[in-house]
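What the coordinates show
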Protein chains: 2
Amino acid sequence: MPEGRALKGGGAPPVRRENVASEPGDAGRGELQILEEHVHWENEAARLLLAKVRLPGKAGETKEQFRVTPGATHEDGVVVVPIDERDRIVLVRQFRHPVRMWMRELPRGARERGETPEDGARRELKEELGLELVESWTLGRIATDSGQQRGIPFLLVARVRRGGETDPDDSESIDASFAYSFSELARACASGEILDSFTIAAVTRLLPHFDGERFEYKPGVVR
Amino acid sequence: MPEGRALKGGGAPPVRRENVASEPGDAGRGELQILEEHVHWENEAARLLLAKVRLPGKAGETKEQFRVTPGATHEDGVVVVPIDERDRIVLVRQFRHPVRMWMRELPRGARERGETPEDGARRELKEELGLELVESWTLGRIATDSGQQRGIPFLLVARVRRGGETDPDDSESIDASFAYSFSELARACASGEILDSFTIAAVTRLLPHFDGERFEYKPGVVR
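Residues numbered from 1 in each chain as written. Chains lettered and ligands numbered in written order. Predicted model: local features only at pLDDT ≥ 70, side-chain atom pairs only at ≥ 80, totals over all residues. Heavy atoms only, no water.

This part is about the overall build of chain A. Tallying secondary structure elements over chain A gives 3 helices and 13 strands in all. Taking the principal axes of its C-alpha atoms as reference, chain A extends roughly 60 × 45 × 35 Å. The buried share among the 223 residues of chain A stands at 57%. For chain A, the share of sequence-separated contacts (at least 6 apart) that also reach a separation of at least 24 residues comes to 59%. Entry remark: accessible area of chain A is about 9,200 Å², with carbon and sulfur atoms responsible for 48%. If the 33 positive side-chain charges of chain A are averaged to one point and the 39 negative ones to another, these points end up 6 Å apart. (Helix = DSSP H or I, 4+ residues; strand = E, 2+ residues; numbered from the N terminus. Buried < 20%, exposed > 50% of the residue type's maximum accessible area, 1.4 Å probe, protein only. Contact = heavy atoms within 4.5 Å. Areas by Shrake-Rupley, 256 points an atom, 1.4 Å probe, with all protein chains shown as cover. Lys, Arg positive; Asp, Glu negative; His and termini not counted. Charge placed at Lys NZ, Arg CZ, Asp CG, Glu CD.)

The subject of this paragraph is the packing of aromatic side chains. For any pair of aromatic rings, the description rests on two quantities: the centre-to-centre distance and the angle between the ring planes. Residue and element names in this part refer to chain A. Within the structure shown, the criterion is met by 12 aromatic pairs over all chains. Three or more aromatic residues link up through ring pairs in this structure, and these residues are W137, F182, F210, F215 and Y217. For R104, the ring lying beneath its charged end belongs to F178, and the centroid distance is 3.6 Å. Across from the ring centre of F154, 4.0 Å away, lies the NZ or CZ of R141, which sits over that ring. (Phe/Tyr/Trp six-rings, centres within 6.5 Å; stacked < 30°, edge-to-face > 60°. Lys NZ or Arg CZ within 6 Å of the ring centre and 35° of its normal.)

To continue, consider the sheet that holds strand β4 (residues 62-70) of chain B. Residues and elements named next belong to chain B. Overall, antiparallel pairing links the 3 strands, which are arranged β2-β3-β4 in an open sheet. Strands at the two margins of the open sheet, each flanked by one partner only, are β2 (33-42) and β4. Adjacent strand axes in the sheet meet at a mean angle of 25 degrees, parallel and antiparallel pairs treated alike. As judged from the 8 bridges shared by β2 and strand β3 (residues 46-54), these two strands associate in the antiparallel manner. Of the residues in β3, the one forming a bridge with H38 is L50. (Pairing = 2+ DSSP bridges. Axes fitted to C-alpha atoms, helices over the stretch in contact; angles between N-to-C directions.)

Quick look at the interface of chain B and chain A now. Taken together, the contact pairs 108 residues of chain B with 108 residues of chain A. Taken together, both faces of the contact between chain B and chain A bury some 9,800 Å²; the carbon and sulfur share is 51%. For chain B, the biggest contributors to the area lost against chain A are B:H97, B:R100 and B:W102; these three give 8% of the whole. Linking chain B with chain A are 12 salt bridges, by the criterion used here. Run the count over chain B and chain A and you get 44 residue pairs in polar contact (both at pLDDT 80 or more). (Buried area = accessible area lost by both parts, 1.4 Å probe. Salt bridge = Lys/Arg side-chain N within 4 Å of Asp/Glu carboxyl O. Polar contact = N/O pair within 3.5 Å; in protein donor to acceptor, adjacent residues only side chain to side chain.)

In this section: the pairing of strand β7 (residues 101-105) of chain A. Strand residues, when the strand is regular, have side chains that alternate between the two faces of the sheet. Residue and element names in this part refer to chain A. Of all 5 residues making up β7, 5 are buried, and the element is well covered by its neighbours. Neither face of β7 is left uncovered, since the one carrying M101, M103 and E105 and the one carrying W102 and R104 both have all their residues buried. The pairing of strand β6 (residues 89-96) with β7 spans 5 bridges and is classified as antiparallel. Bridge pairing links V92 to E105 in β7. The hairpin turn running from β6 into β7, its antiparallel successor, is 4 residues long, and R100 in that turn takes a positive phi close to 55 degrees.

Before going further, it helps to spend a moment on the side chain of A:E124. With respect to the element layout, A:E124 can be found in helix α1 (residues 117-129). For A:E124, the side chain forms a polar contact with the side chain of A:R123, separated by 3.0 Å.

Moving on: α1(A). Because each turn of an α-helix spans 3.6 residues, side chains separated by three or four positions end up pointing in the same direction. All names here are of chain A. For α1, which comprises 13 residues, the first-to-last C-alpha distance of 17 Å matches the rise-based estimate of 18 Å (1.5 Å per residue) to within 8%. G120, A121, E124, L125, E127, E128 and L129 are the residues of α1 that are buried. Count one or two residues on from α1 and you reach G130, which has phi positive near 65 degrees. (Expected span 1.5 Å × (residues − 1).)

What follows is about the sheet that holds strand β2 (residues 33-42) of chain A. All names here are of chain A. Ordered by their spatial adjacency, 3 strands build an open sheet running β2-β3-β4, and the pairing between neighbours is antiparallel. Of all the strands in the sheet, the pair left with one neighbour each is β2 and β4 (62-70). Ignoring strand direction, the axes of neighbouring strands in this sheet form an average angle of 25 degrees. Pairing analysis gives 9 bridges linking strand β3 (residues 46-54) to β4, with the strands arranged antiparallel. Across the sheet, L48 pairs through a bridge with V68, a residue of β4.

Have a look at this one:
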């Protein structure tokens, strides 16, 4: 068990006070109280929301905060770890407009409202790699940047097999795929060669499910 | 070495074609060509930029893409892994407006223009935890979400010691800290109890620098 200490107010912190959505936030409990919020900009994929918040310990003062959420027809995205028949992990290389770089990363994408995470993973594998999803398991969820984004994408690991041609989304620029052994991927992530946070975080989530280079999903690890 | 294959055009992909900023992007090379871009919204911390891009393989067609960047006076942020005198890793618990949850996470923050990553880490440790930075080392950088954000924060690991009271930023809601052994942190991240992508990714970056529960930075791992 990690050791905890309160930073204000004294006394030991309660054991759990996180990962529970708290709507709308209460400045009296040390949270940012959200007074009002509106959509400032949106396209099909995303929305920018602006909120007026009251700061904890400052009864009168308000401040503007922003957050980016999925668009009106979309839900939290899905990231998939494709495991091939030789227990290797398949990454794609993709040109990303926001960083203007070619990135090696796990296949991922938005999810349309109503689509299950597994169906989203199946679609992304087909579109981006021409791979067929055989079986999938949960690796939990990941909050990409809780300081700016509302989304908490689903992370899945999937057994895959070759299944025909790729069918890329028109707006994607994917040019190659790479198959890593688990130790090769862990090294490339530890060295900073791989920058993508989803891919780096997936190595941590995969640790209990690899015995050396051999993948076997262990039920009960993800709570 | 990972095995690579081209997804279009045939032939093996070049060994390296990533992590190099490509300005402005060229649709003829399979990239999204950026035709024009403007600031649509900004506050002191962030900007929303809208761009008109040309899609690869579609000479005439253009599409709007967005990205979130640091504000005019800010640079890519810093995330710090505080290692205490017992080789434990210290997390804070913070209420995050975008997800409206209490999150356990590594101390992190924005960096003002001209502030070094180490100075930013020193400031964040003092403000959020009342800890003094003794020595720090690089763990590379992390692209939080290259599909939406331009930023690629710096990840540092730092030896720390107690150094007086906390001095929280007015807009932060941090109520407690928790000290984890490395294996405790790896388990909490693998189970999905910890959601923050920076913290989960840091475990992968720390793997070569822990021998069991004992921390010792290994030069040469990060390239």
